[in-house]
Amino acid sequence: MRKEDTVKLISAEGFEFVVHKDAAMVSQTIRNMLTSPGSFAETQHGEVTFPEISTTILEKICKYFYWNLEFASGKETEFHIEPELTLELMMAANYLHT
């Protein structure tokens, strides 16, 4: 995978997830950050920092991005969410418009 095909998502604790740009674009918020005209740091560097999203939640979100790419075409399958992550994950998903 080439660097220009990836995006680095950084959690509140500083953990970095390198994901394919197509997967990250599942999020409307990330899409807007990376494709907005102008010289925004996110666009220039291909990095997005989420100071309010923990590593555990961002990891689950990254998994969801890939799951969405694979199964959004209509094949019925479940994306498992641990009950203890539900509230925090819902808040992050709302922010990310996923």
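Because the structure is a prediction, the values reported are computed rather than measured.

Novice: Please set out the side chain of Ser 54 residue by residue, giving values where relevant.
Specialist: The residue Ser 54 is located in the loop between strand E3 (47-49) and helix H4 (55-71) in this model. For Ser 54, a relative accessible area of 15% puts it in the buried group.

Novice: An account of the environment of Thr 86 is needed here, citing residue identities and associated values.
Specialist: With respect to the secondary-structure elements, Thr 86 resides in helix H5 (residues 86-96). Thr 86 sits 29 residues away from Ile 57 along the chain, and the two C-alpha atoms are 9.5 Å apart.

Novice: Residue-level account of the sheet that holds strand E2 (residues 16-20), with values.
Specialist: Whether parallel or antiparallel, the strands of a sheet pair through hydrogen bonds between backbone atoms. Across the sheet, which stays open at both edges, the three strands sit in the order E2-E1-E3 with mixed pairing between neighbours. Since the sheet does not close on itself, it has two edges, and those belong to E2 and E3, each with one partner. The average angle at which neighbouring strand axes cross in this sheet is 25 degrees, direction not considered. Pairing of strand E1 (residues 6-10) with E2 involves five bridges; the strand directions are antiparallel. Each bridged residue has a counterpart across the sheet, and for Ile 10 the counterpart in E2 is Glu 16. Sheet contacts for H4: E1 and E2; angle to E2, the most-contacted strand, approximately 10 degrees.

Novice: Break down H4 for me, with residues and values.
Specialist: Compared with the 24 Å implied by 1.5 Å per residue over 17 residues, the 24 Å span of H4 between its first and last C-alpha is a close match. What H4 keeps buried is the set Thr 55, Ile 57, Leu 58, Lys 60, Ile 61, Cys 62, Phe 65, Asn 68 and Phe 71.

Cut-offs applied
Residues numbered from 1 in each chain as written. Predicted model: local features only at pLDDT ≥ 70, side-chain atom pairs only at ≥ 80, totals over all residues. Heavy atoms only, no water. Helix = DSSP H or I, 4+ residues; strand = E, 2+ residues; numbered from the N terminus. Buried < 20%, exposed > 50% of the residue type's maximum accessible area, 1.4 Å probe, protein only. Pairing = 2+ DSSP bridges. Axes fitted to C-alpha atoms, helices over the stretch in contact; angles between N-to-C directions. Contact = heavy atoms within 4.5 Å. Expected span 1.5 Å × (residues − 1).

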